[in-house]
Amino acid sequence: GENVEQHPSTLSVQEGDSAVIKCTYSDSASNYFPWYKQELGKGPQLIIDIRSNVGEKKDQRIAVTLNKTAKHFSLHITETQPEDSAVYFCAATYGSSNTGKLIFGQGTTLQVKP
Amino acid sequence: GAVVSQHPSWVICKSGTSVKIECRSLDFQATTMFWYRQFPKQSLMLMATSNEGSKATYEQGVEKDKFLINHASLTLSTLTVTSAHPEDSSFYICSARVVAGGPYVLTFGAGSRLTVL
């Protein structure tokens, strides 16, 4: 079946450093790729997303890149802060975004050390 | 921004009882909502798609008689875990499509933690 692979599973960085999380997807029809941040005991919060007609998107310290040919997309966080510590999930649509269904990656636990 | 509210945020019940979890879109109408299940330190697994006014669509391997979904209005979907057992203990999260004149986004609720004794 369709799946999304996410790496690394854990990531520890020093405050101020950059963090990069990578995902690959299998469904060539996927056209919407959101990233979520989940804090302990809470629901996922959308932090950034990208659609298949765009190669890169940036929002302050967060950026996402998409390579449709290679079927992979990445999250880049610059100037990390302790409050960035959380679990991050990438996701991709099952086929086109019309269904609204998402497949999630396995998650990356990011720890930012002060 | 669009807000999805879940209630209760946590619930403890005895084995064999049924538990209902509500998912509400507070400031928008949601014709489609999604229910996910998350085990500790694991990813979110889609359980079913809840469609307003029609039957829910369940993912493969999800027992529809076990997890009853009702989407009776444009702002409310409910998930009822029937005859709950300890293995049903999990974090249940709903999400709703927000369509605002352009490509949609999905907004998630805060989740409901179910513990079955």
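Please read all numbers here as calculations on a predicted model, not as lab measurements.

Rules used throughout
Along each chain, residues carry numbers from 1 onward, in the same order as the chain's sequence is written. Labels follow written order: the first chain is A, the first ligand is 1, and so on. Residue-level local features of this predicted model are given only where pLDDT is at least 70; pairs of side-chain atoms are given and counted only at 80 or more, and the full residue set underlies all totals for whole chains, interfaces and linings. As a convention, hydrogens and water are excluded, and side-chain values are obtained from all of the structure's heavy atoms. Any carboxyl oxygen of Asp or Glu that lies within 4 Å of a side-chain nitrogen of Lys or Arg is treated as forming a salt bridge with it. A run of DSSP states H or I qualifies as a helix once it reaches four residues; a run of E qualifies as a strand once it reaches two. Both are numbered from the N-terminal end. Accessibility here uses a 1.4 Å probe with only protein chains present; expressed as a share of the type maximum, an area under 20% marks a residue as buried, one over 50% as exposed, and anything in between as partly exposed. By this definition, two strands are paired if DSSP reports at least two bridges between them. Fitted lines through C-alpha atoms give the axes, limited to the stretch in contact for helices. The angle between two N-to-C directions lies from 0 to 180 degrees. A contact between two residues is defined here by any heavy atoms of the two lying within 4.5 Å. Residues were grouped as follows: Ala, Val, Leu, Ile, Met, Phe, Trp, Tyr, Cys and Pro as nonpolar; Asp, Glu, Lys and Arg as charged; and all remaining residues, including Gly, as polar. pLDDT is a residue-level measure of predictor confidence that goes from 0 to 100. Cysteine sulfur atoms that come within 2.5 Å of each other are treated as a disulfide pair.

Caption draft 1: Focus on the pattern of salt bridges. Scanning all chains against the criterion turns up seven salt bridges over all chains. The residue A:Asp84 makes a salt bridge to A:Arg61 at a minimum N-O spacing of 2.9 Å. Residue A:Asp84 is located in the loop between β8 (72–77) and β9 (86–93), and its partner A:Arg61 is located in the loop between β6 (56–59) and β7 (62–67); the two are separated by 23 residues in the primary sequence. Note that A:Lys101 and B:Glu59 form a salt bridge whose closest N and O atoms lie 2.9 Å from each other. Taken as a pair, A:Lys101 in the loop between β9 and β10 (102–104) and B:Glu59 in the loop between β6 (57–58) and β7 (67–73) lie in two separate chains rather than in one. In terms of burial, A:Lys101 and B:Glu59 fall into one category: buried. Bridged by salt links that share partners, the residues A:Lys37, A:Glu39 and A:Lys42 form one connected network.

Caption draft 2: Representation of the sheet that holds strand β3 (residues 19–25) of chain A in the model. Residue and element names in this part refer to chain A. Across the sheet, which stays open at both edges, the five strands sit in the order β1-β3-β8-β7-β6 with antiparallel pairing between neighbours. This sheet does not close on itself; its edge strands, each paired only once, are β1 (4–7) and β6. Mean inter-strand twist for the sheet, computed between neighbouring axes without regard to direction, equals 15°. Where β7 meets β8, six bridges bridge the pair, whose relative direction is antiparallel. For Ile 62, the partnering residue across the bridge sits in β8 and is Ile 77.

Caption draft 3: Examining the interface of chain B and chain A more closely. Listed per partner, the contact involves 19 residues of chain B and 22 residues of chain A. Counting the contacts that link chain B with chain A gives one salt bridge. Residues that form the side of chain B that touches chain A fall into these classes: 12 nonpolar, five polar and two charged.

Caption draft 4: Broad picture of the pairing of strand β2 (residues 10–13) of chain B. Residues and elements named next belong to chain B. Side chains of β2 alternate between two faces, with Val 11 and Cys 13 buried and Trp 10 and Ile 12 left unburied. Bridge analysis of β2 against strand β11 (residues 112–116) gives four bridges, and the strand direction is parallel. Following the sheet pairing, Val 11 is matched in β11 by Leu 114.

Caption draft 5: Main features of unusual backbone geometry. Note the cis peptide between A:His7 and A:Pro8, where omega equals -5°. Here the amide bond leading from B:His7 into B:Pro8 is cis, since omega sits at 0°, within 30 degrees of zero. One non-glycine residue with positive phi stands out, namely B:Lys41, at about 60°. Looking at the element boundaries, B:Lys41 is found in the loop between β4 (32–38) and β5 (44–51). The phi angle at B:Ser83 is positive, at roughly 45°, despite the residue not being glycine. Mapped onto the elements, B:Ser83 comes out in the loop between β8 (76–81) and β9 (90–98). Under the relative-accessibility criterion, B:Ser83 is labelled partly exposed at 34%.

Caption draft 6: Looking closely at the confidence of the model for chain A. Model confidence for chain A is summarised by a mean pLDDT of 93, while 96% of its residues fall at 70 or above. For chain A, the element scoring lowest by mean pLDDT is β10(A), at 91; strand β2 (residues 10–14) of chain A scores highest, at 98.

Caption draft 7: Expanded view of the sheet that holds strand β1 (residues 4–7) of chain B. Residues and elements named next belong to chain B. Strand order in the open sheet made by the four strands is β1-β3-β8-β7, with antiparallel pairing throughout. In this open sheet, the two edge strands, each paired with only one partner strand, are β1 and β7. On average, each strand axis in the sheet is tilted by 15° relative to the strand beside it, whichever way the strands run. Both strand β3 (residues 19–25) and β8 contribute to a ladder of six bridges, which runs antiparallel.

Caption draft 8: Up close: the state of the cysteines. Tallying each qualifying case throughout the model produces two disulfides over all chains. Each sulfur in the disulfide pair A:Cys23 and A:Cys90 lies 1.9 Å from the other. On the sign convention where negative is left-handed, the bridge of A:Cys23 and A:Cys90, at about -100° about the S-S bond, is left-handed. Taken together, the residues span a long stretch of sequence, with A:Cys23 in strand β3 and A:Cys90 in strand β9 at a distance of 67 residues. Comparing A:Cys23 with A:Cys90, the two get one shared label, buried. One disulfide in the model links B:Cys23 with B:Cys94; its S-S distance is 2.0 Å. One quick way to see it: the torsion about the S-S bond of B:Cys23 and B:Cys94 is about 80°, and its sign makes the bridge right-handed. Of the two residues, B:Cys23 is situated in strand β3 and B:Cys94 in strand β9; the sequence distance between them amounts to 71 residues. Take B:Cys23: its relative accessible area is 0%, and that puts it in the buried class.

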